[in-house]
Every structure is written in structure tokens, then in C-alpha cells.
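Here is what each chain is made of, one letter per residue.
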Amino acid sequence: MNLSRGTISRLLQSGGPFLGLLLVCGLFALTEERSFIFTGGNFKNILVQTVIVAVGALGMTLIIVGGGIDLSVGSVVAFTGVLGARLLVAGWSPWSTTLVLVLVGGAIGLFNGAIIAGFRMMPFIVTLGMMGIVRGSAKWLGNNQTVNAPPDSPVSHLMARVNPTEFWPLPPGVWIALGLAVLMAILLRETVFGRHVFAIGANETAARYSGVRVGPVKAATYAISGLLIGFAGLLQMSRLTQGDPTVAVGLELDIIAAVVIGGASLSGGAGSVLGSLIGALIMALLRNGTNQLGWQTYSQEIIIGTVIVLAVGLDQWRQSRRRG
Amino acid sequence: MKSLLGAVLAAFLSIPALAADKNYTIAVIPKGTTHEFWKSIHAGAVKAEQELAAQGITVKLFWKGPLREDDRDQQIQVVENFTSRKVSGIVLAPLDSQALVAPVATAAQAGVPVVVIDSDLKSDKQLSFVATDNFKGGQMAGEFLAKALGGKGNVILLRYQVGSASTEAREEGFLDAIKKHPGLKLISSDQHAGATREVAYQASQNLLNRFGREVNGIFCPNETATIAMTKALRDIGRAGGQVKLVGFDSGSQSVLDLKNGDVQALVVQDPLKMGYLGVVTLVQALQGKKVEKRIDTGVSLVTKENMGQPDMAALLAPPIAKYLKE
């Protein structure tokens, strides 16, 4: 009973973003380029282009639901990418490289979370600082240069599109991202930890008085997100076949936008994994479609900016109606 | 939900793609769109479009840079999107010699041939590489600087950006020429200007703050770095020939600086020709003709003295307006 009610409210919550996705699809369906946009090959293309933002959005959803924010994720993607390339060049196996990147990402996240929870500092400020520290460290680690990974390493094939004109087979990166999304949805919805995160985001003081260990839970959200970002760094490196210390500048904003379009509230206590994934898809689809229509680059930026404001505005309007 | 998406998908999968002989759609993908250099490339591509149209070959051009300038991942996405769009071919100026290898291979595999312009790619999947001999351009800059300084003095190389093959070749060419003159001392060659005027200006200011009094000659390997360094030299009152500055590429600001005597020489490419030959080469290949693997588009050294000659004037101020309506 409880579960089915949860399922319904979840569907309602992700309904808005899903309608948005259908709307964007519908608009592109009206154009002459639909015969190119709506093909299996292109949908694979869009999925591959969404993966990095999507994996980042999984962790960011957790953080934002808990009332926090993490601005350092773009830098961490660059840092772990450079680290991964260097490890592969040094002869580390793909598995151990992956493990190290995930753990390093998690460690940076834990560090962020420990400072935020331990010293009760603003997440915005702490992670803004970390954004610079990690970006600088990435450039240092890469000796101010891009580090070319061995192109024939198995890691370099994570995002490769075999058979580019067909939908199948999807690259491993897409499947892994889907698997991680399911795990994150379960963590957020079906576990005590997840409920505590929602409680902290909705009302931190109330959560504290009802016995939730606010500090450790908060720190854990950043650490878990960090693990995912470490993996996103591996995916980014795989895509570029190199570790680039200047890559993913502004990625954190794309990720936050995806989460917010997906129905999360920046003041905490609301958000869903499915919504965030759809948010990420909407942005990738907009970019892909306007690309193929041959629209100017600036129009894409204007459109995506408008969509962010509209999505959040609509969501607030719906919620106020539901309450009133 | 999945099945709904599937239905939408299926509904449009059945519509056949438009294709006809002598009708080509070509995507031209620059590194960015704000530099004047890329506008000349664009003009050259449009010139090719117009000339081919006169021969009865219809070309539809897409001109599309990465969403964020100098973001490799964004440029990869543009290449992927046009591959999915099934354009007849792509003319690409790769932001990185390695990062764009895989997307170009994927495009070739999907039946979309790629001509690379401006910067080289570590791959053999491209039909042709149409570009300036950048190493030679760098050498010309080095030789000019050596002559202007009488063979001795302190020189600075302000590099552009890591991973950009074209500018790295210029930098190497410059260093190669400088090495032949034992009287020239290289006091800085490890600083990078970066992609935008603002960061290039900051890098120039910082460099001059350290070396401003001892430097005699400077080489900047691209347009933004040249403009930024000139401005920084003016700020400390050492412009106008006290420090000999050799730049690369011509924008309206650097041409003005050349006329004023703040810049002693500009090594200029022919971007209009590059955009033009990029498209023409691609169309030739699409028509089944054999094309050269490497096409040189030439490089010249322009000074205040020779900038009035008609051929130099056309290089300094390419007739962009003739082809681009803005």
C-alpha cells in the first residue's frame, strides 16, 4: 500500500519533466529534419552525449534533495580524467584505474561533505573553493597539458559507438549509467538513508530533533556523489581518449540544470532520479536537434536557458495549485 | 513510457532520407565562431558554395561551432550530431589532434567523409588535410625577428594553448629559427595565452610584469595572443617598436596595430582559401575524384612597408562582406 502510493507520487513528480521531453520531441517532429533526428543511430548518439551529465546528475540529485549543492564536480571530472590517463600510460590495468578514479572522486566528495557538515559551512562556498583547488590540481597533475591515454585501452571503448547508424549495440557506458540510476533510485526511495536525506532537505532542524544524524548523512551524500563523479571522469577520459585538465568547465551547471529541470527543488526535500535523467535528456536532445537544424550556437544557449527558467516556473505553479 | 518513446521513434523511422545526385549537404565545423579568422573560413566556404552552384552543383552549408569555444567535448558532439544528420560530408577544424580522432573515424564508418582543415589530426581516416604550413610560418616569424633585432637580444614566445596542433607547429618553427641565432636568448617559452582575449591579456600582463624591462622581441602564435600582447605592451609604454612584436593571423585590431607600428610584422595565412579549398576538395571527393592527402594554402609575412600591396591587402582584410551577409 505504502509502496504503491509512493510509486504514484513519484510518477506525478516526474510527469512534468516527461511532458517537457515529449514537447521537445513534438517540436522537432514538426521540422523537416525529423527524418534525421528520429533515427535509431541518432538516439544512440543522444544517449551517449547524455551519459556524463546523467551520471553526474545522479549524485547531484542526492545532494540537492538533502538541501546542498556541489559546484566542484566539473573540476573533479577533469582531475580524475587526467589521473586516469596518467595511470593508464603508467601501465595500470583498466580495472585498477577505474577503482582508483572512483575512490579519488569519493574522497574529494567526502572531504567536501566533512567540511560542510563538520564546520557547518555553506556548501556553495566550500565547493566553490574546491572547484578552484581541484581544477588547479588537474592542470598541475597534467603538467598544464592534455595527457593522451593509450587509444587501444579497453577503457577507451566505454563510450565508443560501434555501428553508428544503428541503435544497437549501445556502448557499455550507457548500460553502466542505467544500472547506476536504478541503484541510486533504490537508495533514495527505498532505504532509511534515503528517507533521512529527504528529511534533512525538507527541514534540517526537525530532522535533527527526530533523531536523524544530520552530519554523517550529509557528508555521505557528498561522498556518494563523489564516487559517481569519479566514474564520470573515467567516461569523459574515455570519450576524449585523453585526460584534459580544461575539460568540463561549467559541467556542474549543466548537471544542476538537469536536476532542476527534473523537478528537484534547490531548497531541498524534493527531487527524483528519473526526473533528473529526463532533465539531462531534454538538454541533450535540444542541443542535438538545434544542431541538426543548423541553428546558430547562440540560439541553443538562449533556448536552454529559457527551458531552465520555464521548467522551474511551471513546477512551482503546479505545486502552488496543488496546495491551494 | 518506454513504449511511448518507441512509438514516436517508429513513426519517424519509416520516413526515407532525402538524397539526390549533385545535391550535397556539407557541415563546416570550426574551432569557434567569434574569431575573425573563422569568419574568413566561413566566407571561403560560402565562396565555394556559390562557385559550385554556378557549375550546377547544389551545396547546402551548415556552419556550426562548438557550443562553448575550445571545449573538445562540445565539438565532438557537433561532429556526432552531423554524422547522425547524415550530411554528405564534414569539413572540420579539430580542436585537438587526438580527441577528435574517434568521432572522425565513426563518421567515416557511417559513410560521412571528413576533410580536415587548419589543424592536423592524428588519424588516417580523413580524406585530406587542407592547411597552412604552420611550421614554415613560425620559422618566417623567427627569421624576421632575428633580423629586426640584429641577431641579438632577449626574446619571448607566448604560446597559445596545449593540444592545438596548428599553433604548436608555429611555436616549434619559431624555436627552430631562433636556435640558429646564438645571439638571441629565449627568456620565456612556457607560458600559454589561452583562448579568449581576456585570459590572453592577463597572461601577457603577467609575463611583462616579470620580463617587461629586459625583453627585446616577442612572438605570439595566434590572433588573440597578438592583440592581447600589443595591448599589454602599450600599457607599460614599450609598444611602438621598443619591443619588436611579431604576431600571427590578421584581425581588424592587429592590422590597425601593424599600421600604428605597435606590431612589426604579422605572419598571415589565407583562411578564406582554406575554407574554400576545404569545401571544394570535399565535393571533388564526393564526386569520386581523387584528392591530395595534403593541400598547402600558403603563408606570407606582412610588414608596415608591404601592407599596401593589393595581394597583401586582400590577406589582411579578406573580402568577408562579399560572401557573408550579417
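The residue numbering used here restarts from 1 in each chain and proceeds along that chain's sequence as written. Chains carry letters from A onward and ligands carry numbers from 1 onward, assigned in written order. Local features are withheld for residues below a pLDDT of 70 in this predicted model, meaning they are given only at 70 or higher, and side-chain atom pairs are given and counted only at 80 or more; totals for whole chains, interfaces and linings count all residues.

### Observations concerning the overall build of chain A
Moving on, step 1. Note on conventions: DSSP H or I runs of at least 4 residues are helices, E runs of at least 2 residues are strands, and numbering of each starts at the N terminus. Within chain A, the secondary structure is distributed over 13 helices and 2 strands.
Moving on, step 2. Here chain A has a C-alpha radius of gyration of 20 Å; the compact-globule value for 324 residues is 20 Å, and the two agree.
Moving on, step 3. Residues are called buried when their C-beta atom has 20 or more other C-beta atoms within 10 Å, exposed when it has 12 or fewer, and partly exposed otherwise; all C-beta atoms are positioned from the backbone. A total of 324 residues make up chain A; the buried ones form 52% of that total. To get the radius of gyration, use the C-alpha atoms; to get the globule rule, take the number of residues to the power 0.38 and multiply by 2.2 Å.

### Brief notes about the domain arrangement of chain B
Residues and elements named next belong to chain B.
Moving on, step 1. Per the domain assignment, the segments of chain B are domain 1 (17-132 + 270-297) and domain 2 (134-269).
Moving on, step 2. Spacing between the C-alpha centres of domain 1 and domain 2 amounts to 30 Å.
Moving on, step 3. Facing 16 residues of domain 1, the contacting portion of domain 2 comprises 12 residues.
Moving on, step 4. Those elements that place two or more of their residues in the side of domain 1 that touches domain 2 are α2 (36-54) and α10 (271-286). Boundaries between domains were set according to an automatic or database domain assignment. Placing a C-beta atom from the backbone of each residue, one calls two residues in contact when those atoms lie within 7 Å.

### Some thoughts on the sheet that holds strand β11 (residues 294-296) of chain B
Residue and element names in this part refer to chain B.
Moving on, step 1. Two strands are said to pair when DSSP picks up at least two bridges between them. Reading across from one edge, β2-β1-β3-β4-β5-β11 is the order of the 6 strands in this open sheet, with parallel pairing throughout. Looking at which strands have only one partner, the edges of the open sheet turn out to be β2 (58-63) and β11. Direction aside, neighbouring strands of the sheet carry axes that sit 20° apart on average.
Moving on, step 2. By the bridge criterion, 3 bridges tie strand β4 (residues 114-117) to strand β5 (residues 128-131) in an arrangement that is parallel. Paired with V115 across the strands is S128, a residue of β5.
Moving on, step 3. Note on definitions: angles span 0 to 180 degrees between N-to-C directions of axes, and those axes are lines fitted to C-alpha atoms, for helices only across the stretch in contact. Packed on one face of the sheet, α2 meets β1 (23-29), β2 and β3 (89-92) and runs near 165° to β2.

### Description of the pairing of β3(B)
Residues and elements named next belong to chain B.
Moving on, step 1. Along β3, one buried face is formed by G89 and V91 and the opposite face, lined by I90 and L92, is buried too.
Moving on, step 2. Where β3 and β4 come together, 3 bridges link them in parallel fashion. The residue of β4 that forms the bridge with I90 is V114.
Moving on, step 3. Crossover connection from β3 via helix α4 (residues 101-109) to parallel β4: handedness right-handed. Looking down the strands as they point away from you, a crossover is right-handed if its path from the first strand over the helix to the second goes clockwise.

### What to know about the pairing of strand β7 (residues 184-192) of chain B
All names here are of chain B.
Moving on, step 1. Where strand β6 (residues 153-159) and β7 come together, 6 bridges link them in parallel fashion. Within the sheet, the bridge partner assigned to I156 lies in β7 and is S188.
Moving on, step 2. A crossover connection joins β6 to the parallel β7 through helix α6 (residues 165-179); in handedness this β-α-β unit is right-handed.

### Brief notes about unusual backbone geometry
Moving on, step 1. Residue P169(A) follows W168(A) across a cis peptide bond; omega there is -10°.
Moving on, step 2. Examined against the element boundaries, P169(A) turns out to sit in the loop between β1 (147-148) and α7 (172-190).
Moving on, step 3. Of note, N163(A) is a non-glycine position whose phi angle comes to about 55°, a positive value.
Moving on, step 4. Here N163(A) falls in the partly exposed class, since 14 other C-beta atoms lie within 10 Å of it.
Moving on, step 5. Phi angles above zero are rare outside glycine, and K86(B) is one such case at about 55°.
Moving on, step 6. For K86(B), a count of 20 C-beta atoms within 10 Å gives the class buried.

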